[in-house]
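Descriptive structure summary
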Number of protein chains: 2
Amino acid sequence: MTFTIKDVAKLANVSIATVSRIINNQTGYSEKTKKKVLEAIEELGYEPNAVARGLINKRTHTIGVLFPKLSSTLVTDLLSGIEKATHDAGSSVIVCHTESNGEKTMKYLQLLNEKRIDGIIFTSAPLLEEYYQYIKKMNVPMVLLSTETYAHPVPYVKVNDRHAAYTATQFLINKGHEKIGMISGNKDDIISGKPRIDGYISALQDHNLPIDEKKIIYNRGFSFYDGMDSLKTLLKQAPDLTAVFAASDELAIGAISSAYQLGIKVPDELSIIGYDNLSIAEMSVPPLTTVAQPLTEMGEMAANMLFEMLNSDKLIESRIMPHKIVERKSVRDKEV
Amino acid sequence: MTFTIKDVAKLANVSIATVSRIINNQTGYSEKTKKKVLEAIEELGYEPNAVARGLINKRTHTIGVLFPKLSSTLVTDLLSGIEKATHDAGSSVIVCHTESNGEKTMKYLQLLNEKRIDGIIFTSAPLLEEYYQYIKKMNVPMVLLSTETYAHPVPYVKVNDRHAAYTATQFLINKGHEKIGMISGNKDDIISGKPRIDGYISALQDHNLPIDEKKIIYNRGFSFYDGMDSLKTLLKQAPDLTAVFAASDELAIGAISSAYQLGIKVPDELSIIGYDNLSIAEMSVPPLTTVAQPLTEMGEMAANMLFEMLNSDKLIESRIMPHKIVERKSVRDKEV
DNA sequence: TTGTAAGCGTTATCAC
DNA sequence: GTGATAACGCTTACAA
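Conventions adopted
Every chain is numbered independently, its residues counted from 1 as its sequence is written. Here the convention is simple: chains get letters from A, ligands get numbers from 1, in the order in which they are written. Selection of residues for local features in this predicted model requires a pLDDT of at least 70, selection of side-chain atom pairs for listing and counting requires 80 or more, and totals for whole chains, interfaces and linings are taken over all residues. Side-chain measures were taken over the full set of non-hydrogen atoms in the model, leaving aside hydrogen atoms and water. Strands were regarded as paired on the criterion that DSSP finds at least two bridges between them. For helices the rule is a DSSP run of H or I covering at least 4 residues; for strands it is a run of E covering at least 2, with both sets numbered from the N terminus onward. An axis is simply a line fitted to the C-alpha atoms; with a helix, the fit covers only the stretch in contact. Between two such axes, the angle follows the N-to-C directions and lies from 0 to 180 degrees. Residue ranges assigned to each domain were obtained from an automatic or database domain assignment. What makes two residues a contact is simply this: any of their non-hydrogen atoms within 4.5 Å. Summed over both partners, buried area is the accessible surface (1.4 Å probe) that two parts give up on being assembled. Put simply, a salt bridge is a Lys or Arg side-chain nitrogen that is within 4 Å of an Asp or Glu carboxyl oxygen. When at least one non-hydrogen atom of a residue lies within 4 Å of a molecule or strand, that residue is treated as near it. N or O atoms within 3.5 Å of each other form a polar contact, as long as, within protein, one can give a hydrogen and the other can take it, and as long as residues adjacent in sequence are counted only when both atoms are side-chain atoms. Charged residues are taken to be Asp, Glu, Lys and Arg, nonpolar residues to be Ala, Val, Leu, Ile, Met, Phe, Trp, Tyr, Cys and Pro, and polar residues to be all remaining types, Gly included.

1. Looking at the sheet that holds strand β10 (residues 289-292) of chain B
Residues and elements named next belong to chain B. Strand order in the open sheet formed by 6 strands is β7-β6-β8-β9-β10-β12, with mixed pairing between adjacent strands. Of all strands in the sheet, those bounded by a partner on one side alone are β7 (216-218) and β12 (324-326). Across the sheet, the mean angle from the axis of one strand to that of its neighbour is 20 degrees, orientation sign disregarded. Here 4 bridges tie strand β6 (residues 180-184) to strand β8 (residues 243-246), and the two strands are oriented parallel to one another. Counted as the bridge partner of G181 is V244 from β8.

2. Focus on the domain arrangement of chain A
Residues and elements named next belong to chain A. Domains assigned within chain A are domain 1 (5-48), domain 2 (62-159 + 295-322) and domain 3 (161-293). Between domain 2 and domain 3, the C-alpha centre-to-centre distance is 29 Å. Listed as interface residues are 11 residues of domain 2 and, on the opposing side, 9 residues of domain 3. Both faces considered, domain 2 and domain 3 share a buried interface measuring about 950 Å² in area, 56% of it formed by carbon and sulfur atoms. Interface area lost by domain 2 to domain 3 is led by T73, V159 and L295, which between them contribute 44%. At the boundary of domain 2 and domain 3, one finds 1 salt bridge.

3. Some words on the protein's contact with DNA strand D
Near DNA strand D you find 30 residues, and of these A:I5, A:S20, A:Y46, B:R21 and B:T33 are the closest. Sugar and phosphate atoms constitute 61% of the interface atoms of DNA strand D, taking the interface as everything within 4 Å of the protein. Contact between DNA strand D and A:Y46: a phosphate oxygen at 2.6 Å from a side-chain N or O atom of the residue. Residue A:N49 places a main-chain N or O atom 3.0 Å away from a phosphate oxygen belonging to DNA strand D. Counting residues per element, the ones that place at least two in the surface near DNA strand D are α2 (16-23) and α4 (50-57) of chain A together with α2 (16-23) and α4 (50-57) of chain B. For the surface near DNA strand D, the element with the highest residue contribution is α2(A), accounting for 5 residues. Its residues placed into classes, the surface near DNA strand D shows 14 nonpolar, 12 polar and 4 charged.

Here is the structure:
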């Protein structure tokens, strides 16, 4: 048996309006009736029905989060931050796994719309026009996480990929390396593919190092296997490399595995730096030096921005989160 | 502007009852009015309000999933399966991150209760009496995932930890190893701590190998760092070990890292087998041989069981999922 | 300080 | 076939 506000009212001998006032911390009742009502609530174990509340308040205290994939520590670190901030704000998060599939994404958006969620965090994937238009019609705030859009005024939180990639490459250069390769993601990926390549190239240019297409491998994704394959190809094309910048930790660890198979010692013969600072980075052998994104904080930030928009509906600024080098053991000084 | 069934009714010149019948695929209207209504729906872009539906139907098509931690591939593989099956069943999942904290867990349960979710999946942690009683009062079905309880009739899905540990140990024995250590989790953990230790001991006994307390390290958790520390201690206590069974992949990979630091070659000088088959297992150097849990399938299974209970409220049987050895490179034959 | 009643957007039970 | 209308459990004017 689950009780309603009516049951409480009856038991406490007051009207439902009074009960409502009390559970919502409003004014307009005596201490005495408050006590009476609270006792009734206690006795029945009454808990208000959030569905009914949502219907009338037009606020479900639930947000939707869209992820292109679920089983990667990258996205779960983000989720972890989102969940924390959301729960602290008294809301819940519904996770949606879109698999980067347009049709699925639209289905999810429709579902979220029917559920009348309060807002949306859209992560790690390009915001297609179709998505944007639909969400605009839904009339709920949205923030982009680990992605951004140039076509529309949607606030986002991410690191500056170009800058972070520049920092990583520069780190290698500062260690004395001059022949530096790159294992990149998809160069047609405007969000996290191209900018990291550009950052790498910029850093080389700024230090008067030659750019050589042979020293760059383009992959379809950012996966471990892409990384394994890439290192082999890369070393075939440019055998004299002393260091490699990989555009993700998975790529980097794939490269380390490859190096191990090829009998190449990391970092003694080849330095490798990654990108992300996932938990696997510290678990690799050798532990991976990488440029860190503050993923959990980014998730929290995105959620907090969403709630800010929800509570004030004023425009909000995007955030470029700081990145930093986490130095472990996969990079060493080039001997001179 | 977001429209209601009333708007549709008005535009189509019918009553809201008729509209309701049509969007719910019931009978009792002509093809002609159906067409008229569908057109009105299309024109307005009407989408039914699931909140209102939930209020009257007493079904929110939302389930809650409780996780002790979020950022580990173990739990996200589970989540991935849960999310898939749930979405396929037309529902959504709310994730709750309890941090194994009793107070937090109760808060979450209360929240889920207020939201009137349809069911609960409780994962990877002991089901305390307090939780059980509360959920029982909520009067929604629950299934346990990667955990179980002896105190109450709650269906669960997990692998047989004792058996899986036995299999892992036996695998080592079959490779010719006789001096086999174990890096275990918490021996007071009745779900995944003790049973794996028992499985290890059983396997040794069944093969007439001596049991030696010095060959077992007990940890508080199952983490990478626990694994690193453990191997050092273990090797101090029992330097003649040729193989180690670690009770989780993280422990195993921590052990591998330690071995690397100590200059011990895996698998040439020391074989290591893990438990879980997380994605990090294939990414380690050398790739980790481990006993696999079908995590994604387990998640799907748990969700499907929940929906079965929801639709028929008959009792349902628990599932012991199959485990299997995934042989990679961290274990080799003992030379004779 | 308290209660009555309308309404949130649906579904379902009646009549017609 | 179709349409009023009463729920569902709550919040919130408006009265008293």
